[in-house]
Amino acid sequence: MTRERRRFNSSERVALFLTGAGVCAGCGVELEPGWHADHQEPWSAGGATDVMNGQALCPPCNLAKGNRHVKLRRWQEDGMRAFVASRKDFLAVATPGAGKTTFGLLAYQSLVELGEARRLVVVAPTSHLRKQWAKAAAKVGIQLDADFANRDGVSARDYDGVVTTYQSVAASPLTWERIACNKTFPTLVILDEVHHAGDAETLSWGTALETAFAGAQRRLLLSGTPFRTDQRPIPFVQYDVTRRAVPDINYDYGAALQDREVVRPVAFPAMDGEARWRFASDEKLNAQRLSETDSNTHAAALKAALDPAGNWIPSVLQRANDELTLKREDVPDMGGLVVARDQAAAQAYAEILRQGTGEPVSVAISDDPAASKVIDRYAEGTSRWIVAVQMVSEGVDIPRLGVVVYASNVRTEMFFRQVVGRCVRKRGPEDETCARVFVPSITPILRMAADIEKTVDAVLADEEQRIQRDQGEDGGEGTTRKPSSVEVIGSSVAVHPFTIASGNAFADAELQRARQVMREAGIPMSVEASAFARALRLAGAFPEQRTDEPAETRPLVEEKAEIRNLVQRKVGQLSKITRRPHGHIHADLNRECGEASIKVATVPSLKQRLVYLDRWLKDARR
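Quick summary incoming for the structure in this document. What you see is a predicted model, and the numbers here were worked out from it, not measured in a lab.

**So, the pairing of strand β8 (residues 218–223)**
Part 1 of the reasoning: With 6 of 6 residues buried, β8 is to be regarded as a mostly interior element.
Part 2 of the reasoning: Both strand β3 (residues 90–94) and β8 contribute to a ladder of 4 bridges, which runs parallel. Residue pairing for β8: L91 is matched across the bridge by L221.
Part 3 of the reasoning: Both strand β7 (residues 187–191) and β8 contribute to a ladder of 4 bridges, which runs parallel. Residue pairing in the sheet places V189 in a bridge with R219 of β8.

**Quick notes on the sheet that holds strand β4 (residues 119–124)**
Part 1 of the reasoning: Across the sheet, 7 strands lie side by side as β5-β6-β4-β7-β8-β3-β9; this open sheet has parallel pairing. Sheet topology places β5 (144–145) and β9 (249–251) at the edges, where each strand pairs with a single neighbour.
Part 2 of the reasoning: Where β5 lies against strand β6 (residues 161–165), 2 bridges are found, and the strand directions are parallel. Bridge assignment links L144 to a residue of β6, and that residue is G161.
Part 3 of the reasoning: Lying over the sheet, helix α4 (residues 100–113) contacts β3, β4, β7 and β8, oriented at roughly 170° with respect to β8.

**Focus: the packing of aromatic side chains**
Part 1 of the reasoning: Enumeration over the complete set of coordinates arrives at 11 aromatic pairs.
Part 2 of the reasoning: Their ring planes at 15° and their centres at 5.8 Å tell us that W75 and Y251 sit as a pair that is stacked. Remark: Y251 occurs in strand β9 and W75 occurs in helix α3 (residues 74–85); sequence separation between them is 176 residues. With respect to class, W75 is no different from Y251; both count as buried.
Part 3 of the reasoning: Centre to centre, the rings of Y406 and F416 are 5.4 Å apart; their planes meet at 65°, and the pair counts as edge-to-face. With a gap of 10 residues between them, Y406 in strand β16 (residues 401–407) and F416 in helix α14 (residues 413–420) connect regions that are remote in the sequence.
Part 4 of the reasoning: Judged by relative accessible area, F416 falls into the buried class, the value being 0%.

**Remarks on the nonpolar core**
Part 1 of the reasoning: Counting 108 residues, the largest nonpolar core has F268, Y349, V405 and F416 as its most contacted members.
Part 2 of the reasoning: Examining the composition of this core, we find that 7 residues originate from one element, α4, more than from any other.
Part 3 of the reasoning: Excluding anything up to four places from it in sequence, V405 contacts I313, V316, L317, A320, L337, V338, V339, W385 and F438.
Part 4 of the reasoning: Within the second largest apolar cluster, 28 residues are counted, among which are V123, V169, W205 and A208.

**A short note on a nonpolar patch on the surface**
Part 1 of the reasoning: Where nonpolar side chains cluster on the molecular surface, the patch consists of V14, F17 and L18 and spans about 290 Å² of accessible area.
Part 2 of the reasoning: As for its position among the elements, L18 is in helix α1 (residues 10–19).

**Looking at the pattern of salt bridges**
Part 1 of the reasoning: Scanning the entire structure with this criterion turns up 19 salt bridges.
Part 2 of the reasoning: Residue E595 pairs with R609 through a salt bridge whose shortest N-O separation is 3.1 Å. Residue E595 is located in the loop between α20 (582–593) and α21 (603–620), and its partner R609 is located in helix α21; the two are separated by 14 residues in the primary sequence.
Part 3 of the reasoning: The network of salt bridges with common partners includes R74, E77, D78 and R81.

**A few points about the sheet that holds β16**
Part 1 of the reasoning: The strand order β14-β15-β13-β16-β17-β10-β19-β20 describes an open sheet built from 8 strands, whose pairing is mixed. Each edge of the open sheet is held by one strand with a lone partner, namely β14 (362–365) and β20 (504–507). The mean angle between the axes of side-by-side strands here comes to 20°, regardless of whether they run parallel or antiparallel.
Part 2 of the reasoning: The pairing of strand β13 (residues 335–340) with strand β15 (residues 385–389) spans 4 bridges and is parallel. Within β15, the position partnered with V339 by the bridge is A388.

**Topic: the state of the cysteines**
Part 1 of the reasoning: Counting across every chain of the model gives 0 disulfides.
Part 2 of the reasoning: Cysteine C434 shares no disulfide, and the gap to the nearest cysteine sulfur, in C423, comes to 8.8 Å.
Part 3 of the reasoning: Judged by relative accessible area, C434 falls into the buried class, the value being 3%.

**Remarks on unusual backbone geometry**
Part 1 of the reasoning: Here the phi dihedral of A21 falls at roughly 60°; this positive angle occurs in a residue that is not glycine.
Part 2 of the reasoning: For A21, the position within the fold is in the loop between α1 and β1 (36–39).
Part 3 of the reasoning: For A21, a relative accessible area of 64% translates into the label exposed.
Part 4 of the reasoning: Even without being a glycine, F236 presents a positive backbone phi close to 75°.
Part 5 of the reasoning: Mapped onto the elements, F236 comes out in the loop between β8 and β9.

**A word on a positive patch on the surface**
Part 1 of the reasoning: Side chains of K131, K135, K139, K373 and R377 sit close together on the surface and give a patch of like positive charge.
Part 2 of the reasoning: Counting only elements with at least two residues in the positive patch, the list comes to α5 (127–139) and α13 (371–380).
Part 3 of the reasoning: Per-element accounting of the positive patch gives the leading share, 3 residues, to α5.

**Points about the packing of α20 against α21**
Part 1 of the reasoning: With their axes 10 Å apart at the nearest point, α20 and α21 run at an angle of 120° to one another. With respect to α21, the axis of α20 lies oblique. As for how α20 packs across α21, the hand of that crossing is right-handed. Contact residues: α20 offers I585, D588, L589, N590, E592 and C593, while α21 offers S605, Q608, R609, Y612, L613 and W616.
Part 2 of the reasoning: Looking at the contact of α20 with α21 residue by residue, the class counts come to 6 nonpolar, 3 polar and 3 charged.

Basis of the calculations
- Residues numbered from 1 in each chain as written.
- Predicted model: local features only at pLDDT ≥ 70, side-chain atom pairs only at ≥ 80, totals over all residues.
- Heavy atoms only, no water.
- Buried < 20%, exposed > 50% of the residue type's maximum accessible area, 1.4 Å probe, protein only.
- Helix = DSSP H or I, 4+ residues; strand = E, 2+ residues; numbered from the N terminus.
- Pairing = 2+ DSSP bridges.
- Contact = heavy atoms within 4.5 Å.
- Axes fitted to C-alpha atoms, helices over the stretch in contact; angles between N-to-C directions.
- Phe/Tyr/Trp six-rings, centres within 6.5 Å; stacked < 30°, edge-to-face > 60°.
- Core = buried A, V, L, I, M, F, W, Y, C linked by side-chain atoms within 4.5 Å.
- Patch = residues over 30% accessible without salt bridge, like charges linked within 9 Å, V, L, I, M, F, W, Y side chains within 5 Å.
- Areas by Shrake-Rupley, 256 points an atom, 1.4 Å probe, with all protein chains shown as cover.
- Salt bridge = Lys/Arg side-chain N within 4 Å of Asp/Glu carboxyl O.
- Disulfide = S-S within 2.5 Å.
- Lys, Arg positive; Asp, Glu negative; His and termini not counted.
- Charge placed at Lys NZ, Arg CZ, Asp CG, Glu CD.
- Parallel < 35°, antiparallel > 145°, perpendicular 65-115°, else oblique.
- Left-handed = near helix turned anticlockwise from the far one by under 90°.
- Nonpolar A, V, L, I, M, F, W, Y, C, P; charged D, E, K, R; others polar.

Okay, here's the thing in structure tokens:
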């Protein structure tokens with residue numbers, strides 16, 4: 001049996017227009033072409049599609065009204081108006097917990113009201129997210145087939161659309177072209193976490209998306225983090241000259257934190273310690289504190305620190321578990337997440353936690369067919385820990401997470417923000433919890449932690465200025481050896497010199513004193529202690545810490561590595577525009593600067609290379 005029709009027909013729309021005297025029933029403005037025929041009792045809540053249950057609204061009033069069960073946030077209202085007015089591909093970037101899924105579903109409802117769409121296709125990165133989309137859609141009256149397979153060809157008539165994965169589209173793009181480009185059923189295609197289509201290992205996805213969806217009625221692209229492309233550009237995405245995606249609406253963590261409605265604040269305990277290793281190509285033994293590593297030793301030191309056979313990671317897990325125990329005094333179901341570098345490490349970390357807590361530990365790895373069920377059970381339960389590789393790095397909704405251990409060797413801004421996004425979603429207006437993310441005490445990660453409350457646009461805009469001021473973050477890997485060439489010797493027990501909160505560093509002694517004051521005052525331990533530590537500073541109890549200013553002692557090698565990274569990026573831009581090989585451009589730079597190679601360049605020479613590249617890029621774009 002087919003479901004009751006959702007759209008008002010032409011005669012009913014005329015009746016609604018005349019009944020309302022041609023003005024919006026919400027704000028009274030004169031209705032213009034494209035006005036919405038709205039259900040006063042939402043269709044998803046059982047409201048009938050007839051004149052008695054209808055009213056004529058201007059698009060802004062209808063979008064602000066939304067479904068009775070959905071209250072739009074400000075960014076969603078602004079984004080929806082822009083989406084409806086747009087006739088091109090639309091990219092919405094919003095922080096985890098901000099409501100990207102709701103935005104996409106209401107965007108489809110709006111197109112249905114306007115008669116511009118009759119079918120919805122959602123493409124998600126994982127099978128687990130297919131189920132989440134279907135559940136969310138059902139809440140607003142949209143039925144999506146989350147079990148659809150390419151071999152099925154068609155979906156049942158009582159579905160409004162289907163949810164699939166990028167991998168399925170890549171496997172049979174022509175199947176999806178037939179589904180999404182049918183003129184009889186104009187289709188909105190939502191590409192969820194679309195930056196995955198630009199991953200180096202999935203470059204074929206981009207070509208498949210273009211084949212499958214180029215002829216679709218509309219395309220809405222969603223992402224939880226701003227992203228760049230250093231490989232093949234993703235179809236339907238607009239880029240600026242630095243190859244960074246240009247969103248049509250951007251609501252990142254920094255902006256959301258200012259609103260105080262969507263996300264929690266987050267603090268970063270920085271865990272230091274000594275790592276010991278040797279490179280396979282030589283016999284020298286290396287021993288260095290994480291906080292003293294540079295771009296040439298970050299990877300090797302992290303590999304040693306994250307080795308479960310050493311002392312560093314077990315001590316960090318113990319510290320994080322103690323923090324979780326403290327928070328569960330006030331929030332009994334609060335959970336913790338360990339993001340591991342690989343499956344072997346994940347299993348080893350889980351065993352360390354099992355031995356330390358005496359409780360079962362969930363493990364979710366991408367190769368396990370039951371991983372989605374593991375995540376679901378953990379999200380709905382009250383157990384303490386889940387350890388994951390990739391599966392919980394993005395898109396997965398577990399609101400009870402409050403403590404995270406960043407035990408990954410990935411040091412990119414996008415991945416770091418994705419992981420932090422797993423624990424910042426507020427559970428309601430009364431949620432005053434501050435999330436805590438335990439991080440290795442290496443410069444690039446500490447700087448990302450200090451910048452987390454900035455809007456991403458501000459972070460990226462500062463990048464080149466930091467280099468010119470000689471205060472930038474680690475700019476790349478320089479001559480870093482591949483992790484596979486590193487032989488781990490061991491690691492020390494972790495030490496906790498400071499915690500980063502709101503961009504400031506607080507010594508461990510400060511936070512312990514602050515928590516003592518909080519207990520005496522009866523303040524819940526789930527509240528972050530840094531605010532009280534700041535008050536104690538102002539009262540003169542502690543001197544302000546200056547550990548967040550690494551620029552004063554930064555080695556020359558890091559400064560050069562950072563500038564070289566920017567040179568490499570600009571060479572890449574120029575190569576893409578002119579189609580000249582990177583090596584030819586570097587040869588020109590060597591000739592202009594009078595040096596044999598970039599490796600022997602001085603700092604002034606490296607900066608001069610930037611001047612030449614800026615000039616050549618400007619000429620190439622004319």
